[in-house]
Amino acid sequence: MAAYGLLPLMRKLRRHFFIPLGAAAALVAASWLSQKQYFTRVADLVSAPGIAHPLSLISTQRMVVAHLALILAVVAAAVYYCFDRSDLGVLYRGSVERFFNKFWPFGLILLAFLLYHPGLPLDPHHYHYFLGAVNDIYQGKGLLYETSHLYGLFDVYFLALLFKVIPFSYPMFAAVITAAYFLFFCGIFVFLRRWLNSYTLSTLGVSIIVPMLYFIRTSDTQSALFLPALSPLRWGLYLPVLFSVLAYARSGKRKFAHLAMVISAAAVFWNFDTGIFLSLATLATFMYQELNPGWNIREAGKILLHFFLYGLSLFALTSLINRGVYGSWPHWSLFLRESKDFVLGAAMHPLPPLGLYQIIFYTYLLSLAVIFYKLVGRKTVDLPLVFLSVYGVFSMVHYIGESTGQIFSAVTAPFVLIILYAVDNFWKENYQPAYERLVATGLACLVFMAAFLAIFKLPVEFSTRHYTQAGESLFNVRAEELDTYYDAKYLQAHYQQKRLPIISLNDTKLLTYSKKANYFDFYYIFTIYFRSQMQKYIDQARSEKPAMLIVGRNNYRNDQVEYFSAGVQDLYAVSESLKTVDVYTLR
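Attention in this report is confined to the structure presented alongside it. (Residues numbered from 1 in each chain as written. Predicted model: local features only at pLDDT ≥ 70, side-chain atom pairs only at ≥ 80, totals over all residues. Heavy atoms only, no water.)

For the rest of this paragraph, the subject is the overall build of the protein. A count of helices and strands for the protein gives 27 helices and six strands. Counting only residues that meet the buried cut, the protein has 52% of its 587 residues in that class. Considering only contacts in the protein between residues 6 or more positions apart, those separated by 24 or more positions represent 74%. In the structure as shown, the protein presents an accessible area of about 26200 Å², 65% of it carried by carbon and sulfur atoms. (Helix = DSSP H or I, 4+ residues; strand = E, 2+ residues; numbered from the N terminus. Buried < 20%, exposed > 50% of the residue type's maximum accessible area, 1.4 Å probe, protein only. Contact = heavy atoms within 4.5 Å. Areas by Shrake-Rupley, 256 points an atom, 1.4 Å probe, with all protein chains shown as cover.)

Our next topic: the nonpolar core. Counting 129 residues, the largest nonpolar core has Tyr127, Phe173, Phe185, Trp195, Tyr214 and Leu417 as the members making the most contacts within it. For this core, the element with the highest residue contribution is helix 10 (residues 170–196), accounting for 17 residues. Setting aside residues no more than four positions away along its own chain, Trp195 makes contact with Leu246, Arg250, Asp382, Pro384, Leu385, Leu388, Leu417 and Tyr421. The next biggest cluster of nonpolar side chains, apart from the first, holds 18 residues, and it includes Phe522, Leu549, Val551 and Tyr572. (Core = buried A, V, L, I, M, F, W, Y, C linked by side-chain atoms within 4.5 Å.)

The end-to-end C-alpha distance of helix 11 (residues 199–213) is 21 Å, a good match for the 21 Å that 15 residues give at a rise of 1.5 Å each. In terms of burial, helix 11 is a largely internal element, 14 of the 15 residues being buried. By the N-cap criterion, in which a side-chain oxygen at the helix start approaches the backbone nitrogen of a residue two or three places on, helix 11 is capped by Ser198, the distance to Thr200 being 3.3 Å. (Expected span 1.5 Å × (residues − 1). Polar contact = N/O pair within 3.5 Å; in protein donor to acceptor, adjacent residues only side chain to side chain.)

To continue, consider the pairing of strand 5 (residues 572–577). The pairing of strand 5 with strand 6 (residues 581–586) spans five bridges and is classified as antiparallel. Across the sheet, the residue bridging to Val574 is Tyr584, located in strand 6. Turn length for the strand 5-strand 6 hairpin, with the two strands adjacent in sequence and antiparallel, is three residues. (Pairing = 2+ DSSP bridges.)

Scanning the entire structure with this criterion turns up 11 salt bridges. A salt bridge links Arg542 to Asp570, with the shortest nitrogen-to-oxygen separation between them at 2.7 Å. A residue pair is termed long-range when its members are at least 10 positions apart, and Arg542 in helix 26 (residues 531–544) and Asp570 in the loop between helix 27 (559–568) and strand 5 qualify at 28 residues. Residue Arg542 is classed as partly exposed on the basis of its relative accessible area, which comes to 31%. Close ionic contact of Asp582 with Arg553 constitutes a salt bridge, the shortest N to O distance being 3.0 Å. In this pair, Asp582 sits in strand 6 while Arg553 sits in the loop between strand 4 (548–552) and helix 27, placing the two residues 29 residues apart along the sequence. A cluster of three or more residues bridged by salt bridges with shared partners is formed by Arg337, Asp521 and Lys536. (Salt bridge = Lys/Arg side-chain N within 4 Å of Asp/Glu carboxyl O.)

A few words now on a nonpolar patch on the surface. A contiguous nonpolar patch, built from Leu305, Phe308, Leu309, Leu312 and Phe315 and spanning about 470 Å² of accessible area, is present on the exposed surface. If you trace the backbone, Leu312 turns up in helix 16 (residues 297–326). (Patch = residues over 30% accessible without salt bridge, like charges linked within 9 Å, V, L, I, M, F, W, Y side chains within 5 Å.)

Inspection of the entire model under this criterion finds three cavities of 30 Å³ or more. Here the largest cavity defines a volume of roughly 60 Å³. Taken together, Tyr181, Phe184, Leu213, Arg217, Leu230, Ser231, Pro232, Trp235, Gly236, Tyr238 and Ala410 make up the lining of the largest cavity. Of all the elements in the fold, those that place two or more residues in the lining of the largest cavity are helix 10 and helix 12 (232–235). Tallied by class, the residues present in the lining of the largest cavity amount to eight nonpolar, two polar and one charged. (1 Å grid on protein atoms, 1.4 Å probe; cavity = no way out; pocket = protein on both sides within 12 Å on 5 of 7 lines; lining within 4 Å. Points joined across faces, edges and corners; volume = space filled by probe spheres on them. Nonpolar A, V, L, I, M, F, W, Y, C, P; charged D, E, K, R; others polar.)

For Leu144, which is not a glycine, the phi torsion comes out positive at approximately 75°. On the basis of relative accessible area, Leu144 is assigned to the buried category, the value being 2%. In this structure, Asn554 takes a positive phi of about 55° despite not being glycine. Overall, Asn554 belongs to the exposed group, its relative accessible area being 54%.

Bringing the side chain of Thr484 into the picture now. Topologically, Thr484 is positioned in helix 24 (residues 482–494). Among the polar contacts listed, one links the side chain of Thr484 to the side chain of Asn506, at a separation of 3.1 Å. In contact with Thr484, other than residues within four places in its own chain, are Asn506, Lys509, Leu510, Tyr513, Tyr556 and Thr580.

Moving on, we come to the sheet that holds strand 2 (residues 502–503). Strand order across the open sheet formed by four strands is 2-4-6-5, with mixed pairing between neighbours. On the outer flanks of this sheet lie strand 2 and strand 5, each paired with one strand and no other. Summarising the sheet, strand 4 and strand 6 pair through five bridges and their orientation is antiparallel. Bridge assignment links Met548 to a residue of strand 6, and that residue is Thr585. Along the sheet, helix 27 contacts strand 2, strand 4, strand 5 and strand 6; its crossing angle with strand 4, the most-contacted strand, is approximately 145°. (Axes fitted to C-alpha atoms, helices over the stretch in contact; angles between N-to-C directions.)

Any aromatic ring pair is given by two values, namely how distant the centres are and how the planes are angled relative to each other. Applying the stated criterion to the full structure yields 47 aromatic pairs. When the ring of Phe99 is compared with that of Phe100, the centres are 5.1 Å apart and the planes differ by 80°; the resulting orientation is edge-to-face. On the basis of relative accessibility, which here comes to 48%, the residue Phe99 falls in the partly exposed class. One aromatic cluster in this structure is built from Tyr127, Tyr129, Phe130, Tyr138, Tyr151, Phe163, Phe168, Tyr170, Phe173, Tyr524 and Phe526. Taking NZ or CZ as reference, Arg465 lies 4.4 Å from the ring centre of Phe462, over its face. Of note, Lys509 hangs over the ring of Tyr170, and the distance from its end group to the ring centre comes to 4.5 Å. (Phe/Tyr/Trp six-rings, centres within 6.5 Å; stacked < 30°, edge-to-face > 60°. Lys NZ or Arg CZ within 6 Å of the ring centre and 35° of its normal.)

Next comes the structure, spelled out in structure tokens:
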């Protein structure tokens, strides 16, 4: 479908295209099915305790459900193609368009209902990286001064301002993530409506993207809300840039191009890695606009210069504001302090030799081939397509770096947008009856896969929802956090220091509940990845000899905590034991 919808060269191959395509598909299928490690993993899942029946396996394991959905979608597409039930025209009938034109307000209500989980499920581990940095700011530790943040800079500034308006808590952050997903999906709908001028395709696009980005992470123990770093709070900034690119393409007004560049430059400071992808895609899009069809090298160079000046201006403005607030220039080396270990491969997983990512990645490459083909031929290309293709390729870099299914699902939306554009472009610009069945089959395959995910994931999602918990989950301390909460309040009442030296697995919760900051220059012990880094804090404790240390006990210890305790045990002894920590004082 993508080939015939996007690549004019493929029309010259006609039926001979099916021979290499079929051979390639057979080779991929044979290689995939021959992977012993995949079937060993599935066998382990089947035999694991708690797996009562196949439906449980399908509904709880992302790897299984994604692969099974793909296999069944291919089978369904083959049946669909053979029985020739294609009719793309149904998407463009006036009656269908009028229905979705009237339906979309109810669709937004339905979307809100599907996304809102009254229990506000969360994973403290992933929340600590954001809320720990916010709490540090509240307690006087400045980002780029005495603390850092794994995911960026402006995102924490935004959250710090937001939590001045709404209560600062972990459940409230889950509500913020829910709202971010809702606004992102609404934005996708509005963008598709403006780009493709179709309520039908806009509704279809959101209906595909929601299961692929949100519900695929659902199980009886997991939720998309667990991972703020994979939510639109981190990955969604390309959407306002898309709107700006589209506005520039439609109006030709330079202010929209400059707006897109400002947003992209700011995204680098919001989150470095995703901001880099976004910036490269924005630069490539507007430089392509200048090179095609006139090859205006001078104007393309101006685009690069403008972006550099915007980035430099944001850097200078941020530095000046920080100097005004904290009285000294910021230490920009802290901007990448936590992420540099990941760049070196601290969390890298082996990339599977065959996987779903290849379908998406090769679609991006195919789209880029079209764009290059038209550049050489000095033919115009829709600018949002250029942006989505370049951004899609770069967004896969992050997945290749860690190769986890969670990251993979976060970068699939541009793929769906490109496919919908291919369908629309085929119907309106390049329609040929001989290829309608192929294009319709490809779209049906994508719709089937999304529907399969929804059918198996929605019952699991709603089985964990209890709407009577809405107020309780938002404002009350959860049962599993009571011990930590009571310890934090004890520390708040009995220790007047604004900064407590805490080495514990639940250090961030203790700090946020007690409204204090850590004496050491970190907010979460999991930002310390190696013993050589922990040695720094052992040396600091031995040198500065704080009057007391708060060290995790029982389930709130790990090898780093043990290593720290062993390094200071000759100077400190336990003087008091709370529920989750021991208080050490100098001997």
